[in-house]
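Single-letter residue listing:
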Amino acid sequence: QQPVQSPQAVILREGEDAVINCSSSKALYSVHWYRQKHGEAPVFLMILLKGGEQKGHDKISASFNEKKQQSSLYLTASQLSYSGTYFCGTEARGTGNQFYFGTGTSLTVIP
Amino acid sequence: DTAVSQTPKYLVTQMGNDKSIKCEQNLGHDTMYWYKQDSKKFLKIMFSYNNKELIINETVPNRFSPKSPDKAHLNLHINSLELGDSAVYFCASSRRGSSGGYGYTFGSGTRLTVV
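All figures in this text were calculated on a predicted structure; none of them were measured in a lab.

Participant: Outline the overall build of chain B, listing residues and values.
Facilitator: Along chain B, the regular secondary structure elements total 0 helices and 11 strands. Starting at the N terminus and ending at the C terminus, chain B contains elements arranged as β-β-β-β-β-β-β-β-β-β-β. Taking 2.2 N^0.38 as the reference for a compact globule, 115 residues should give roughly 13 Å; the C-alpha atoms of chain B span a radius of gyration of 13 Å, in line with that estimate. Each principal axis of the C-alpha atoms in chain B carries an extent, and together these give about 40 × 30 × 25 Å. Burial analysis of chain B (115 residues in total) assigns 44% to the buried set. Contacts in chain B between residues far apart in sequence, at least 24 positions, make up 54% of those at least 6 positions apart. For chain B, the centre of its 14 positive side-chain charges and the centre of its 10 negative side-chain charges are spaced 3 Å apart.

Participant: Which residues make up the interface of chain A and chain B, and what values go with them?
Facilitator: Facing the 20 residues of chain A at the interface are 18 residues of chain B. For the chain A and chain B pair, buried surface summed over both sides reaches about 1,600 Å², with 57% attributable to carbon and sulfur atoms. Counting the surface chain A buries against chain B, the share from its top three residues, Pro42, Phe99 and Phe101 of chain A, is 26%. In this assembly, chain A and chain B are joined by 0 salt bridges. At the level of elements, β4 (28-36), β5 (42-48), β9 (84-92) and β10 (99-101) of chain A are the ones that each hand at least two residues to the side of chain A that touches chain B. Here the side of chain A that touches chain B is composed, by residue class, of 11 nonpolar, 7 polar and 2 charged.

Rules used throughout
- Residues numbered from 1 in each chain as written.
- Chains lettered and ligands numbered in written order.
- Predicted model: local features only at pLDDT ≥ 70, side-chain atom pairs only at ≥ 80, totals over all residues.
- Heavy atoms only, no water.
- Helix = DSSP H or I, 4+ residues; strand = E, 2+ residues; numbered from the N terminus.
- Rg over C-alpha atoms; globule rule 2.2 N^0.38 Å.
- Buried < 20%, exposed > 50% of the residue type's maximum accessible area, 1.4 Å probe, protein only.
- Contact = heavy atoms within 4.5 Å.
- Lys, Arg positive; Asp, Glu negative; His and termini not counted.
- Charge placed at Lys NZ, Arg CZ, Asp CG, Glu CD.
- Buried area = accessible area lost by both parts, 1.4 Å probe.
- Salt bridge = Lys/Arg side-chain N within 4 Å of Asp/Glu carboxyl O.
- Nonpolar A, V, L, I, M, F, W, Y, C, P; charged D, E, K, R; others polar.

What follows is the structure, given as structure tokens:
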């Protein structure tokens with residue numbers, strides 16, 4: 001039931017773009033995205049509730065494809081401060097909206 | 001003003017001991033959680049309480065016992081600690097089911113090391 005994220009790890013130079021994908025084997029009610037910096041707690045980025053929804057702030061945005069049971073997180077013009085581990089979290093339909101975090105994607109931005 | 005506070009931040013203890021971790025939130029959220037994060041960084045749900053009532057109890061050894069005296073507090077007591085219990089434990093809170101479009105707010109974590 002744990003959603004699978006890809007890639008597992010990515011290294012970027014400042015200014016480059018990245019996409020992190022989150023796939024579930026179950027139909028989804030919602031998708032969350034979090035960032036966790038080393039030694040810190042996960043921090044909520046955004047939640048997507050409707051299929052086809054796209055959200056974003058600053059240069060980080062996400063989309064939710066309900067039919068494919070997938071979500072993608074887009075980081076554009078990456079900054080050093082974007083480094084960390086990104087987690088999606090999904091609530092699956094028909095499970096009482098049980099919530100599971102994804103497998104995580106380690107993102108490192110280098111100068 | 002810390003939104004979700006956990007104590008202690010670090011806990012080093014010997015095998016077989018009993019220990020507790022405390023969590024308090026001042027956000028007015030009605031649902032609280034305990035998560036375990038292992039060395040591979042997987043975040044695994046352990047327990048969830050809604051208004052002091054247990055709603056999720058994943059497959060966790062019964063040495064782990066949560067207690068929620070009120071909806072702002074959720075404590076975790078661990079009996080007979082084992083080496084495999086070493087991990088970072090996070091408390092989190094949210095509005096009910098997060099279906100209102102709100103995410104989880106996490107505490108700063110408790111790094112438990114069993115020696």
